[in-house]
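Listed below are the residues making up each chain.
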Amino acid sequence: MTKLNTYEAAVAAYEPVLGLETHIELDTNTKMFCGCSTTFGAEPNTQVCPVCLALPGALPVANKAAVEATIKIGLALNCRIAEWTRFARKNYFYPDMPKNFQTSQYEEPLCEDGYVEVTVDGESYRVEIERVHLEEDTGKTLHVGGATGRIHGATESLVDYNRAGIPLVEIVTRPVPGTGALAPEVARAYTAELRDIVRSLGVSDVRMEQGSLRCDVNLSLNKSGDEWGTRTETKNVNSLRSVERAVRYEIRRQSALLDAGDKIHQETRHFHEATGETSPGRSKEEATDYRYFPEPDLAVMEPGREWVEELRASLPEPPRQRRERLQAEWGLGDKEMQSVVNADAVDLIAATIAAGASASGAVKWWLGELSRRANESGAELGSLAITPAQVAELQGMVDDGRLNDKLARQVIDGVLAGEGGPAAVAAARGLEVVSDTGALEAAVDEAIAANPDVAEKIRGGKHAAAGALIGAVMKATKGQADAGTVRQIILDKLS
Amino acid sequence: MGERTIDQTAAHIAEAIREGRTSAYSVTEAFLDRIDAVDGTVKAFLHVDREGALATAAEVDAAIAAGEELGPLAGVPIAIKDVVVTKDMPTTAASKILEGWIPPYDATITERVKAAKMPILGKTNLDEFAMGSSTEYSAYRQTANPWDTGRIPGGSGGGSAAAVAAKMAPLAIGTDTGGSIRQPGAVTGTFGAKPTYGSNSRYGLIAFSSSLDTPGPVARNALDAALLHEVISGHDPRDSTTIDAPVPPVVEAARSGASGDLSGVKLGVVKEFAEGSAAAEPGVVEAYQAGVDQLVKLGAQIVEVSCPSFTYALPTYYLIAPSEASSNLARYDGVRYGLRAGDDGKRSLEEVMSLTREAGFGPEVKRRIILGTYALSAGYVDQFYGQAQKVRTLIKRDFEAAFGECDALISPTTPFIAFKFGERTGDPYQMYLADLYTIPTNLYGGPGVSVPVGLSEGMPVGLQVMGPVMGDDITYRVAAALESTQETLLADTAPEIEGK
Amino acid sequence: MSTISREEVAHLARLARLEVTDDELDAFAGQLDVILESMKTLGEVDTEGVQPTSHAVPLVNVLREDQPQPSLPRDAVLAGGPDTAEGRFRVPRILDEEA
Ligand SMILES: [Mg+2]
Ligand SMILES: [Zn+2]
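Thresholds, definitions, all that
- Residues numbered from 1 in each chain as written.
- Chains lettered and ligands numbered in written order.
- Predicted model: local features only at pLDDT ≥ 70, side-chain atom pairs only at ≥ 80, totals over all residues.
- Heavy atoms only, no water.
- Contact = heavy atoms within 4.5 Å.
- Buried area = accessible area lost by both parts, 1.4 Å probe.
- Salt bridge = Lys/Arg side-chain N within 4 Å of Asp/Glu carboxyl O.
- Polar contact = N/O pair within 3.5 Å; in protein donor to acceptor, adjacent residues only side chain to side chain.
- Nonpolar A, V, L, I, M, F, W, Y, C, P; charged D, E, K, R; others polar.
- Pairing = 2+ DSSP bridges.
- Helix = DSSP H or I, 4+ residues; strand = E, 2+ residues; numbered from the N terminus.
- Buried < 20%, exposed > 50% of the residue type's maximum accessible area, 1.4 Å probe, protein only.
- Phe/Tyr/Trp six-rings, centres within 6.5 Å; stacked < 30°, edge-to-face > 60°.
- Donors = N, O, S within 2.8 Å, 3.2 Å for Na, K, Ca; no water.
- Tetrahedral: all angles 85-135°; square planar, octahedral: opposite > 155°, others 65-115°.
- Expected span 1.5 Å × (residues − 1).
- Core = buried A, V, L, I, M, F, W, Y, C linked by side-chain atoms within 4.5 Å.
- Axes fitted to C-alpha atoms, helices over the stretch in contact; angles between N-to-C directions.
- Parallel < 35°, antiparallel > 145°, perpendicular 65-115°, else oblique.
- 1 Å grid on protein atoms, 1.4 Å probe; cavity = no way out; pocket = protein on both sides within 12 Å on 5 of 7 lines; lining within 4 Å.
- Points joined across faces, edges and corners; volume = space filled by probe spheres on them.
- Domains from an automatic or database assignment.

**As for the interface of chain A and chain C**
Listed per partner, the contact involves 58 residues of chain A and 35 residues of chain C. In total, chain A and chain C occlude about 4,000 Å² of area from one another, counting both sides; carbon and sulfur atoms represent 57% of this. Viewed at the interface, chain C and chain A are joined by 1 salt bridge. The tally of links from chain A across to chain C stands at 21 residue pairs in polar contact (both at pLDDT 80 or more). Its residues assigned to classes, the side of chain A that touches chain C comprises 31 nonpolar, 16 polar and 11 charged. Alignment of strand 2 (residues 62-63) of chain A against strand 1 (residues 63-64) of chain C, held across 2 bridges, turns out to be parallel. The partner of Ala 62 of chain A across the bridge, within strand 1 of chain C, is Leu 63 of chain C.

**Thoughts on the interface of chain B and chain C**
With 61 residues of chain B at the contact, the number on the chain C side is 52 residues. Considering only the side of chain B, the residues that lose the most area to chain C are Glu 350, Ile 370 and Tyr 374 of chain B, jointly responsible for 13% of the buried surface there. Connecting chain B to chain C are 3 salt bridges. Across the pair Asp 83 of chain C and Arg 340 of chain B runs a salt bridge, and its minimum N-O distance is 4.0 Å. Linking chain B with chain C are 18 residue pairs in polar contact (both at pLDDT 80 or more). The set of elements that each furnish at least two residues to the side of chain B that touches chain C consists of helix 10 (313-328), helix 11 (349-360), helix 12 (363-376), helix 13 (382-405) and helix 14 (428-432) of chain B. A per-element tally of the side of chain B that touches chain C places helix 13 of chain B first, with 12 residues. Split into classes, the residues belonging to the side of chain B that touches chain C amount to 29 nonpolar, 17 polar and 15 charged.

**Some words on the pattern of salt bridges**
Throughout the structure, instances matching the rule amount to 74 salt bridges over all chains. A salt bridge links Arg 89 of chain A to Asp 297 of chain A, with the nearest nitrogen and oxygen atoms 3.0 Å apart. Pair noted here: Arg 89 of chain A is in strand 4 (residues 88-91) and Asp 297 of chain A is in the loop between strand 15 (293-294) and helix 6 (305-313), with a separation of 208 residues, a long-range link. For Asp 297 of chain A, a relative accessible area of 5% puts it in the buried group. Two residues, Arg 238 of chain B and Glu 111 of chain B, come together in a salt bridge whose shortest N-O distance is 2.9 Å.

**What to know about the packing of aromatic side chains**
Residues and elements named next belong to chain B. Applying the stated criterion across every chain yields a total of 25 aromatic pairs over all chains. Seen in terms of ring centroids, Tyr 332 and Phe 361 are 6.4 Å apart; in terms of plane orientation they differ by 85°. Their pairing is edge-to-face. Note that Tyr 332 is positioned in the loop between helix 10 and helix 11 and Phe 361 in the loop between helix 11 and helix 12, a separation of 29 residues in sequence. There is no split in this pair, since Tyr 332 and Phe 361 are both buried.

**Topic: the coordination of the magnesium ion (ligand 1)**
Residue and element names in this part refer to chain A. Coordination of the magnesium ion (ligand 1) by the protein comes from His 23 (NE2), Glu 135 (OE), Glu 135 (OE) and Glu 170 (OE), over a distance range of 1.9 to 2.7 Å. Spacing between the donor residues of the magnesium ion (ligand 1) along their common chain follows H-x111-E-x34-E. Here the residue His 23 occupies a position in strand 1 (residues 15-25), and Glu 135 occupies one in strand 7 (residues 123-136), the gap between them amounting to 112 residues. Accessibility assignment for this pair places His 23 and Glu 135 in one class, buried.

**Re the coordination of the zinc ion (ligand 2)**
Between any two of four tetrahedral donors, the ideal angle at the metal is 109.5 degrees; between two of six octahedral donors, it is 90 or 180 degrees. Residues and elements named next belong to chain A. Distances from the zinc ion (ligand 2) to its protein donors, namely Cys 34 (SG), Cys 36 (SG), Cys 49 (SG) and Cys 52 (SG), fall within the range 2.3 to 2.4 Å. For the zinc ion (ligand 2), the 4 donor atoms in the first shell make angles of 100 to 116° at the metal, a pattern classed as tetrahedral. Each donor residue of the zinc ion (ligand 2) belongs to the same chain, and together they define the spacing C-x1-C-x12-C-x2-C. Of the two residues, Cys 34 sits in the loop between strand 1 and strand 2 while Cys 49 sits in the loop between strand 1 and strand 2, which places them 15 residues apart along the sequence.

**What about helix 2 (residues 22-43) of chain C?**
Owing to its 3.6 residues per turn, the α-helix aligns residues three or four sequence positions apart on the same side. Across its 22 residues, helix 2 of chain C extends 31 Å between first and last C-alpha, which sits within 8% of the 32 Å expected from 1.5 Å per residue. Along helix 2 of chain C, the residues that are buried comprise Glu 24, Leu 25, Phe 28, Ala 29, Gln 31, Leu 32, Ile 35, Leu 36, Ser 38, Met 39 and Leu 42 of chain C. Against the buried residues of helix 2 of chain C lie helix 10, helix 11, helix 12, helix 13 and helix 14 of chain B together with helix 1 (6-15) of chain C.

**Here's the deal with the sheet that holds strand 4 of chain A**
Residues and elements named next belong to chain A. Across the sheet, which stays open at both edges, the 3 strands sit in the order 5-4-15 with antiparallel pairing between neighbours. In this open sheet, the two edge strands, each paired with only one partner strand, are strand 5 (101-104) and strand 15. Taken together, the 2 bridges between strand 4 and strand 15 define a ladder with antiparallel strand orientation. Paired with Ala 88 across the two strands is Pro 294, which belongs to strand 15.

**Describing the environment of Lys 117 of chain B**
Residues and elements named next belong to chain B. Its place among the elements puts Lys 117 in the loop between helix 4 (108-115) and strand 3 (120-124). Classification of Lys 117 as partly exposed rests on a relative accessible area of 25%. Each C-alpha atom, one on Lys 117 and one on Pro 77, is 8.9 Å from the other, the two residues being 40 residues apart in sequence. The contact partners of Lys 117, leaving out residues within four places of it in the chain, are Thr 56, Glu 59, Val 60, Leu 70, Leu 73, Ala 74 and Gly 75. Of the polar contacts made by the side chain of Lys 117, one reaches the side chain of Glu 59; its length is 3.3 Å.

**Regarding the nonpolar core**
If you look at soluble globular proteins, the nonpolar side chains tend to sit buried side by side. Judged by nonpolar contacts, the single largest core of 272 residues is most densely connected at Ile 73, Leu 77 and Ile 171 of chain A together with Leu 73, Phe 129 and Tyr 476 of chain B. In terms of residues, this core owes the most to one element, helix 3 (residues 183-201) of chain A, which gives 10 residues. In contact with Phe 129 of chain B, not counting residues within four places along its chain, are Ala 93, Ser 95, Ile 97, Leu 98, Ile 206, Phe 208, Leu 329, Tyr 332, Phe 361 and Val 365 of chain B. The next biggest cluster of nonpolar side chains, apart from the first, holds 35 residues, and it includes Trp 330, Ala 345, Ala 392 and Leu 431 of chain A.

**Regarding the packing of helix 10 of chain B against helix 2 of chain C**
Two numbers describe how helix 10 of chain B lies on helix 2 of chain C: the axes approach to 9 Å, and their chain directions differ by 105°. Looking at the two axes, helix 10 of chain B sits roughly perpendicular to helix 2 of chain C. Residues Pro 315, Thr 316, Tyr 318 and Leu 319 of chain B of helix 10 of chain B form the contact with helix 2 of chain C, whose own contacting residues are Ser 38, Met 39, Thr 41 and Leu 42 of chain C. When grouped by side-chain class, the residues that make up the contact of helix 10 of chain B with helix 2 of chain C number 5 nonpolar, 3 polar and no charged.

**Points about the layout of surface pockets**
Residues and elements named next belong to chain A. For the second largest pocket, the calculated volume is near 1,800 Å³. As for the second largest pocket, its lining consists of 47 residues, of which Arg 195, Val 341, Asn 342, Ala 343 and Asp 344 are closest to the centre. Of all the secondary structure elements, the ones that give two or more residues to the lining of the second largest pocket are strand 6 (111-120), helix 3, helix 4 (240-259), helix 7 (319-330), helix 8 (334-342), helix 9 (346-354) and helix 10 (359-377). Among the residues forming the lining of the second largest pocket, the class breakdown is 14 nonpolar, 12 polar and 21 charged. In terms of domain composition, the lining of the second largest pocket takes at least three residues from each of domain 1 (7-311) and domain 2 (317-429).

**So, the sheet that holds strand 4 (residues 171-176) of chain B**
All names here are of chain B. Spatial strand order, 1-3-2-4-6-5-10-11-9-7-8: 11 strands in an open sheet with mixed pairing. Of all strands in the sheet, those with a lone pairing partner are strand 1 (45-48) and strand 8 (301-305), marking the two edges. Strand after strand, the sheet turns through a mean of 30° between neighbouring axes, direction not considered. In this structure, strand 7 (residues 266-270) lies alongside strand 8, joined through 5 bridges in parallel fashion. Bridging across to strand 8, Lys 266 finds its partner in Gln 301. Sheet contacts for helix 16 (residues 472-484): strand 5 (191-194), strand 6 (214-219), strand 7, strand 9 (408-412), strand 10 (448-456) and strand 11 (459-466); angle to strand 10, the most-contacted strand, approximately 20°.

These figures capture arrangement, not role.
This is how it looks when you write it as structure tokens:
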């Protein structure tokens, strides 16, 4: 059983230093060094060729779109784009890596020296980017015979090379000191910001759950004023929440070891989603002699000024800037905007407004009813089976008085159940507000007759008493009346 | 020249087929029969594709009958070094680790040979993964030198050179990383050309040392080699290191050289090649010097040039080549293709990989993998690989300076004649010396040809002509001029081989 | 540079995934030493300020358009494999997870 300190005790005694390495799979049509398709989910080993299978004699040719996407990421992260850059071979044996070396970059990455600004609890932090480089992904290994599908206990493994050679961008931060107790939140905010930046560029779908964005979290602790401690590297942390948890766990674990006078080993650790714990992997010293050397099968790259400026001109508005603009346009307070960001609803709301909804209406649906539904089903907001255009349509029906909120929620049920768009669902389920004044007037007359004392109070000027009669009418019409209209009819009749 | 089909040059054969004086089928059959008759003795081939070759030949004959326009070597059979990938035909790199592997794709060179409608006779022997200078490191068989079957045919392309020397093929494909086309050419009395690096595609050439490997033609004379050179050369979008520029006019150069006029041509002799331990054995020097005298008679002017960095060529090569090889050969792990050894259901993948590579690689390959691993390992990469790449720059500068003073450089191709089997396998360094004069060209990247110049102790000697980058034409011109001084091609004076 | 030891050869062999016999260890240690000695001479060359060379003609920005090309048929992909199952390449158990 690993000994842990409480988080509070840990951060009171030690200062954490963070570091993040993020791998992002690019959304190109073809792989990094061959023309194989990158479509997700194909039958195993159907998207491979002599190059990405590393058949004897095959040679790589670099994908221009991947190079451009990497430069765009570098520019969006405020990096300097190299004037001269090349690929290098990282040599190590592993069965999901066909060549038994990864074509990557070493001393001459495409992009260097950038930064990302993140805000946590109103405080701004600048996370410095050391490098952004381009490499290739590995294949996928299925571990068979073990109890859990994990490598330990497996009797054999099965390898599929469809993913091998998909372009991968690696983004490495410099060590981030000075975050104190907020280290986990800063790590999370950085990852979220990076994801938003890359998504805004349209070069990757950055889906953590599909593995197109993967994080390695480095962490060390030191006593105030001391040199930085030995770091651990926790691999494959694959959700924003996990990034936060992994940092928190390592702070608690390492501080307990240091308190006991033990040393931290520089090692790779694995994160376990289920428990939020990390466990040691292969230790660094025995395995990492990657024998990097310049890739002789590829030409060097010199991204000229003109090319880089052309790419810079194509960059969209940075997400942080865009958020500030939208917050002002939508008239939201800081807290409310933070909720929108946390719910990952910025783009959804923007799209809903673009489809014709008011800002308040769009925010209301996505942060309210739809967030609630997403939470209930454990899904992400964006993966709900309702489009921004449909939300705008729904809001339009409410604005027109054709739906009230209660009916609108029932319409959402229908849309999410795949019954069609809001108008179609309302029609099919008979969920229109009753606007036939004849029918409403009859219902009002009935309610007045049934509640003579209430009617008397209203005649006497107590308009607030109308609520009781409205309730009765709503009940009689099964909620399909518009409360405002009903109130008006009542007041007209009783004054 | 004799009367038999197999005695004819490729140029003559091609012409005879085009003009209907013979058929591609009968030509191909003649070479296949020759293989049947003498390859039991020479052992140049690892695989012979009689059916495939005859089928291509029949297509050529049909096309000619139909009046179709065909390429300059249509119907001329060819042998391919077994380090070049051929679809649906075994390709082994003469290694046990690829025994039984049938490639699902063609090398660019193979595609070009097929597009030229040249019947592929089969695959020729080599030192495993092209690492060696004698073909003794083949995992399969020991190829004999047709001039003396007790001697090596050179290497690594001993199979291609011996096949052409023994008239089992009029043309062959070789590959040259440190001399593997030129040195076998020299010791078998055949013509071999290493083109400018990047003017020929390496796509489908099983990599030994990526920044040095160059495929090229093996032939009986300069014109035949030039014809093949133009068939296989040129930019390839699948090889990022190929040069997107016109192929130098080597056929024209070979033809103009054959007129025997070299007036105005300046040839440089590298001072450092003649000094101390770098000097060739006396018999080789004698034959080479006779060739130089002939060149002077043709009008060439000889100048001495100094290339001081050539002294470092051998150690530079033996850092770069094994470093790249150790990485290039990592893919042979028994997972996706080739041999797997030791998989008893209990051993781990790591153990099975190591046992596979132990069983699949021969001693020279292992030696170079370990040397390369060492040279690249932590703390040494700058000292070794990095330093070697810088010395390469110095060697390149020496070449460039030399070409400021002359049009081409000449030297013996190799310091010694074909040695006897086993004579140098005990000491790797002694073997490496065979490539002393050929390696600088690979490091520089320029073209080099070896042309037969005479005999020493009854064995062939080659003269090397080295040109500037993309100056392949001058090397052909000088070589063809030298050939024009010989009454018969040296290849035609070889002793008749006893069939087995 | 010190001469290369038997243990060092064993370490290199492990890095290169080569199972070597004791005899090979001895032989390689001796032979590598001879070669490495000759390479010491390279260290003596003054290359201050010299740029490295790797190719005959320095090529830059050799890039390919992002247009899909056909992959190999799966039968052809798996045909070369020493052991395959379920459309994949089967390998023995793997000792530990790596990077
Ligand atoms: Mg990486
Ligand atoms: Zn591919």
